[in-house]
Protein chains: 2
Amino acid sequence: EILAAIEARLFPQRPLKDFHALVTAGPTHEAIDPVRYIANHSSGRQGYAIAEVLAELGACVTLVSGPTDLPVPPGVERVRVSSAQEMLAACEAALPVDIAVCVAAVGDWSVAQVADEKLKKLGGAPPSLTLKENPDILATLSKAGPLRPRLVIGFAAETNNVLAHALEKRQRKGCDWLVANGVGAGTNVFGGQRNRVTLLTGQEEESWPEMSKFDVARRLAQRISDYFSSLSIKETQ
Amino acid sequence: EILAAIEARLFPQRPLKDFHALVTAGPTHEAIDPVRYIANHSSGRQGYAIAEVLAELGACVTLVSGPTDLPVPPGVERVRVSSAQEMLAACEAALPVDIAVCVAAVGDWSVAQVADEKLKKLGGAPPSLTLKENPDILATLSKAGPLRPRLVIGFAAETNNVLAHALEKRQRKGCDWLVANGVGAGTNVFGGQRNRVTLLTGQEEESWPEMSKFDVARRLAQRISDYFSSLSIKETQ
């Protein structure tokens, strides 16, 4: 009781303290051969910021991160992975969780035949890379079942028709909320410090003004916290 | 005269002070679409170390660097590029130079048709990436002509048959020296701090013990400096 009182004084704002959150962040690397791979321009900043803020709100956070140089946010447990396949395995190992926020830019495809040795260009035509579809982490976590997180949030980075693609993606993946952002030429979102997103909750479509990735994280975490407190009020009634 | 005396005191070891060196380092990124690209595991450390040591020996160094987070070495002019095509253009812009050390892991291929918008995986089979051959920077710099550097050094990162591939590469590219190193599984060279190389000068084949990338850089820079001083002795005779 004394400890609880001290804790309440020290951490007045820990509304997520009984929650376990899974956050994915960063790019994935899909091997072509031992030295080459397919990557994408995700820096991991937005996902790392969300993990950090959720931890500040008291959640126990597992951050499954693709390759990035970002430091581990305070209070967060980070699991490093490289490929989409490894990221899925790490996410499944983190279940059960209450909240899943899938921010990682997971490669849609991997190379069908990964070469054991460095491909040589000696003679002949350049190789043609046959791709195969990667597991869909957001759709897998969103699938109904005893381990489904109570709130699954996806991110959709699009270069064109951002909202149309995002609405369709939310439907197709089966996630609860979707955060859509444009990453086209000139937006500077990938690798940058700022972001401009639209939150689709199914009930609402909210366009947020451009702000820092940390502010996007704070606002999203607040929405998550509000969502669960509104649920618990309903449950208590 | 006084300045020269001071300089000689302050910098007793500047044997390359009248030389211009071009060093390439890091990976290249070859775009697939606005968010995806083909990369490789080069960290840029070996090339950055060579640029730094050549500058310490007095050379005026232009470092043409692919994407990396490494800081600019003291006294070095860095030019940042992304693709192999950009790297070639930056190298050609740096000519004439006395010494070219091509350490970058230049992508052998780029994507034949770079998509303007993010490729979608909606429906149908995964795309097949058709590749086209990139310009060969080492071979281009090695080509005889009025702008050929007096000493062109290439690096060959191989996962298997390191020496056989390196001998063949030295011949085919037309460079003067070739530094061969294994980057196969377990070597930890790409991204690591240490390296184990063999120097092929045409006259000799020298296997150096494993050492830090900085020590490889020091030893190679010393060899470069010795080579030019032996030439100048010959020229004076």
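Before reading further, recall that the structure is shown in the block above.
Per chain, residues are indexed from 1 in the order of the written sequence. All chains are assigned letters beginning at A, and all ligands numbers beginning at 1, according to the order in which they are written. Thresholds applied to this predicted model are a pLDDT of at least 70 for local features of residues and 80 or more for the giving and counting of side-chain atom pairs; totals over whole chains, interfaces and linings are not thresholded and use all residues. Each side-chain value is derived from all of the structure's non-hydrogen atoms; neither hydrogens nor water enter the calculation.

Peer 1: Run through the sheet that holds strand β3 (residues 36–40) of chain A, naming residues and quoting values.
Peer 2: For two strands to count as paired, DSSP must find a minimum of two bridges between them. Secondary structure elements are defined from DSSP: runs of H or I of at least 4 residues count as helices, runs of E of at least 2 residues count as strands, and each element is numbered from the N terminus. Taking strand neighbours across the sheet as the criterion, the 4 strands line up as β2(A)-β3(A)-β3(B)-β2(B) in an open arrangement whose pairing is antiparallel. A strand with exactly one partner marks an edge of an open sheet, and here the two such strands are β2 (30–31) of chain A together with β2 (30–31) of chain B. Inspection of the sheet shows β3(A) paired to strand β3 (residues 36–40) of chain B by 5 bridges, in the antiparallel sense. The residue of β3(B) that forms the bridge with Asn40(A) is Arg36(B).

Peer 1: Report on the interface of chain B and chain A, specifying residues and quantitative values.
Peer 2: Here, residues are in contact when the closest pair of their heavy atoms is within 4.5 Å. With 37 residues of chain B in contact, the opposing surface of chain A contributes 36 residues. Accessible area that two parts lose when put together, evaluated with a 1.4 Å probe and summed over both, is termed the buried area. In terms of surface lost to chain A, no three residues of chain B exceed Tyr37(B), Trp109(B) and Lys121(B), which account for 20% of the buried area on that side. Criterion for a salt bridge: a side-chain nitrogen of Lys or Arg within 4 Å of a carboxyl oxygen of Asp or Glu. Our enumeration of links across chain B and chain A arrives at 2 salt bridges. Notably, a salt bridge pairs Arg36(B) with Asp108(A), separated by 2.5 Å at the nearest N-O pair. If you list the elements that add at least two residues to the side of chain B that touches chain A, you get β3, β8 (128–133), β9 (151–158) and α5 (162–173) of chain B. The element contributing the most residues to the side of chain B that touches chain A is β8(B), with 6 residues. Classification used: nonpolar for Ala, Val, Leu, Ile, Met, Phe, Trp, Tyr, Cys and Pro, charged for Asp, Glu, Lys and Arg, polar for all others including Gly. By residue class, the composition of the side of chain B that touches chain A is 16 nonpolar, 8 polar and 13 charged. Strand direction decides the pairing type here: strand β8 (residues 128–133) of chain A and β8(B), joined by 3 bridges, are antiparallel. Bridge pairing links Leu129(A) to Leu129(B) in β8(B).

Peer 1: Outline the pattern of salt bridges, listing residues and values.
Peer 2: Evaluated as defined, the whole model comprises 22 salt bridges over all chains. For Asp33(A), the salt bridge is made with Arg36(A), and the minimal N-O distance between the two is 2.5 Å. Residue Asp33(A) shares its accessibility class with Arg36(A), and that shared class is buried. The network of salt bridges with shared partners includes Asp33(A), Arg36(A) and Asp108(B). Classification of residues uses two cut-offs on accessible area relative to the type maximum, computed with a 1.4 Å probe and protein chains only: under 20% is buried, over 50% is exposed, and between them is partly exposed.

Peer 1: Outline the relation of the copies chain B and chain A, supporting the account with residue identities and numerical values.
Peer 2: Superposing copies: least-squares fit, C-alpha atoms only, residues required to have pLDDT of at least 70 in both. Here chain B sits on chain A after a turn of 180° about the axis and a move of 0.0 Å along it, with an RMSD of 0.0 Å. A rotation of that kind, with that shift, is consistent with a two-fold axis. Among all C-alpha atoms of chain B, that of Ile38(B) lies closest to the rotation axis, at 2.2 Å. Taken as a fraction of all interface residues of chain B, those also at the interface in chain A reach 97%, which identifies the copy contact as same-surface.

Peer 1: Outline the layout of surface pockets, supporting the account with residue identities and numerical values.
Peer 2: All names here are of chain A. A 1.4 Å probe that fits into a set of points on a 1 Å grid over the protein atoms alone but cannot get out defines a cavity; an open set with protein on both sides within 12 Å along at least five of seven lines defines a pocket, and lining residues are those with an atom within 4 Å of a point. Grid points are joined across faces, edges and corners, and a volume is the space filled by probe spheres set on the points. Considered as a void within the structure, the second largest pocket measures approximately 210 Å³ in volume. As for the second largest pocket, its lining consists of 14 residues, and the residues nearest its centre are His-29, Glu-30, Ala-31, Ser-83 and Val-114. For the lining of the second largest pocket, the secondary structure elements donating two or more residues are β2, α3 (84–94) and β7 (109–111). Class assignment for the residues of the lining of the second largest pocket results in 4 nonpolar, 7 polar and 3 charged.

Peer 1: Account for the environment of Ser230(B), with residues named and values stated.
Peer 2: All names here are of chain B. Summarising the element assignment, Ser-230 is placed in helix α6 (residues 213–236). By relative accessible area, which is 31% here, Ser-230 ends up partly exposed. Distance and chemistry together define a polar contact, namely a pair of N or O atoms within 3.5 Å, with one atom able to donate a hydrogen and the other to accept it when in protein, and with adjacent residues in sequence counting only for side-chain atoms on both sides. From its side chain, Ser-230 meets the backbone oxygen of Tyr-227 in a polar contact 2.8 Å long.

Peer 1: How would you summarise unusual backbone geometry if you had to cite specific residues and measurements?
Peer 2: A cis amide bond links Leu95(A) with the next residue in sequence, Pro96(A), at an omega value of 0°. Its location among the elements puts Pro96(A) in the loop between α3 and β6 (99–102).

Peer 1: An account of helix α2 (residues 45–56) of chain B is needed here, citing residue identities and associated values.
Peer 2: At 3.6 residues per turn, the α-helix brings residues three or four places apart onto the same side. Residue and element names in this part refer to chain B. Helix span, expected: 1.5 Å multiplied by one less than the number of residues in the helix. A rise of 1.5 Å per residue sets the reference length of α2, with its 12 residues, at 16 Å; its end C-alpha atoms lie 16 Å apart and thus fit the reference within 8%. Burial within α2 is extensive, with 10 of its 12 residues counted as buried. Residues of α2 that are buried include every one of Gln-46, Gly-47, Tyr-48, Ala-49, Ile-50, Ala-51, Glu-52, Val-53, Leu-54 and Ala-55, and no others. Positive backbone phi, approximately 105°, marks Gly-58, located one or two places after α2.

Peer 1: Hey, could you go over the nonpolar core for me, with residue numbers and the actual values?
Peer 2: We define the nonpolar core as a collection of buried residues of types Ala, Val, Leu, Ile, Met, Phe, Trp, Tyr and Cys that are connected through side-chain atoms lying within 4.5 Å of one another. Core analysis: the biggest nonpolar cluster contains 37 residues, and Val23(B), Ile50(B), Leu54(B), Val61(B), Val101(B), Leu220(B) and Ile224(B) have the highest contact counts within it. Elements that contribute at least two residues to this core include exactly β1 (20–25), α2, β4 (60–65), β6 (99–102), β9, β10 (177–182), β12 (197–200) and α6 of chain B. Listed in part, the 36 residues of the second largest apolar core include Phe19(A), Ile50(A), Trp177(A) and Val197(A).

Peer 1: Give me the packing of aromatic side chains: which residues, what numbers.
Peer 2: For this analysis, a ring pair means two rings from Phe, Tyr or Trp (six-membered ring only for Trp) whose centres lie within 6.5 Å, classed as stacked if their planes differ by under 30 degrees, edge-to-face if by over 60, and tilted for the remaining angles. All told, the structure shown has 6 aromatic pairs over all chains when counted by the stated rule. Between the aromatic rings of Tyr227(B) and Phe228(B), the centroid separation amounts to 5.2 Å while the plane-to-plane angle is 75°, which identifies the pairing as edge-to-face. Classification of Tyr227(B) by relative accessible area gives partly exposed; the value is 27%. Members of the aromatic cluster, joined through ring pairs, are Phe19(A), Trp177(A), Tyr227(A) and Phe228(A). As a reminder, the over-ring test applies to NZ of lysine and CZ of arginine, requiring each to be within 6 Å of the ring centre and within 35 degrees of the ring normal. Above the face of the Trp177(A) ring, Arg223(A) is positioned so that its terminal group lies 5.9 Å from the ring centre.

Peer 1: Before we move on, can you summarise the sheet that holds strand β12 (residues 197–200) of chain A with the specific residues and values?
Peer 2: All names here are of chain A. Spatially, β5-β4-β1-β6-β9-β10-β12-β13 is the arrangement adopted by the 8 strands of the open sheet, whose pairing is mixed. Of all the strands in the sheet, the pair left with one neighbour each is β5 (76–80) and β13 (205–207). The sheet shows a mean angle of 15° between the axes of neighbouring strands, taken without regard to direction. Examined bridge by bridge, strand β4 (residues 60–65) and β5 share 5 bridges and lie parallel to one another. When the bridges of β5 are listed, Val-61 appears paired with Val-76. Running over the sheet, α3 touches β1 (20–25), β4 and β5 and is turned about 175° from β1. What counts as an axis is a line fitted to C-alpha atoms, over the stretch in contact for a helix, and the angles between N-to-C directions run from 0 to 180 degrees. Helix α5 (residues 162–173) rests against β9 (151–158), β10 (177–182), β12 and β13 of the sheet, and its axis sits at about 155° to β10.

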